[in-house]
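Secondary and tertiary structure notes
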Amino acid sequence: MIAIPIVNTSPYPLPQYATTGSAGMDLYADIAEAVVLRPLQRRLFPTGIRLSLPEGYEAQVRPRSGLALKKGLTVLNAPGTIDSDYRGEVGVVLINLSEQDVEIQPGERIAQMVVARYEQVTWQPTENLDSTQRGEGGYGHTGKK
């Protein structure tokens, strides 16, 4: 486990794991009053938190499965990436994919955040790639089973 500096200007709890096996931590809507999202409307919701992620780590903002199933809400740019050198407020772009208005309450859990390691790469230009059994087989190449 690593310790990550965090600033929380909201009145809501810090992101935390709901269970010992959780990968994601809930993010809360830091809004003063309820907001209605109409069908297909999108909006950036503030969370009131800022992070100082170590180099080699990112935070991914992902949808909450319950909001997706019950209300048709999802994170539009899922997963949204928070880079290790970003120091601004974490925001969540929600979109309403349902056919009905959805109301977001102040302090409502609107997304989850997963902190993950990543590697940066350097490209090695070449004329040919190694062969594999799959080769160039793309979308749907294995058929139905």
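Above: the structure in question.
These remarks concern the structure in this document.

The rules we used
Numbers given to residues run from 1 along each chain, matching the order in which its sequence is written. A pLDDT threshold of at least 70 governs which residues receive local features in this predicted model, and a stricter bar of 80 or more applies before side-chain atom pairs are shown or counted, although totals over entire chains, interfaces and linings include all residues. The basis for the side-chain values is all heavy atoms of the structure; hydrogens and waters are excluded. Salt bridges are defined by distance alone: a side-chain nitrogen of Lys or Arg within 4 Å of a carboxyl oxygen of Asp or Glu. Where helices and strands are cited, they refer to DSSP runs of H or I of at least four residues and of E of at least two residues respectively, numbered from the N terminus. The cut-offs for exposure are 20% and 50% of the maximum accessible area for each residue type, with area from a 1.4 Å probe on protein chains only; residues under the lower value are buried, those over the upper are exposed, and the others partly exposed.

Any two side chains of opposite charge can pair, so long as their charged atoms come close to each other. Throughout the structure, instances matching the rule amount to 4 salt bridges. Notably, a salt bridge pairs D26 with R109, separated by 3.0 Å at the nearest N-O pair. Residue D26 is located in strand β2 (residues 25-28), and its partner R109 is located in strand β10 (residues 109-117); the two are separated by 83 residues in the primary sequence. Accessibility expressed as a relative area gives 14% for D26, which makes it buried. Given a relative accessible area of 38%, R109 falls into the partly exposed group. For R38, the salt bridge identified is with D101, shortest N-O distance 2.6 Å. Taken as a pair, R38 in the loop between β3 (35-37) and β4 (42-51) and D101 in the loop between β8 (89-96) and β9 (102-104) lie far apart in primary sequence, 63 residues in all. In this structure R38 comes out as partly exposed when scored by relative accessible area, which is 48%.

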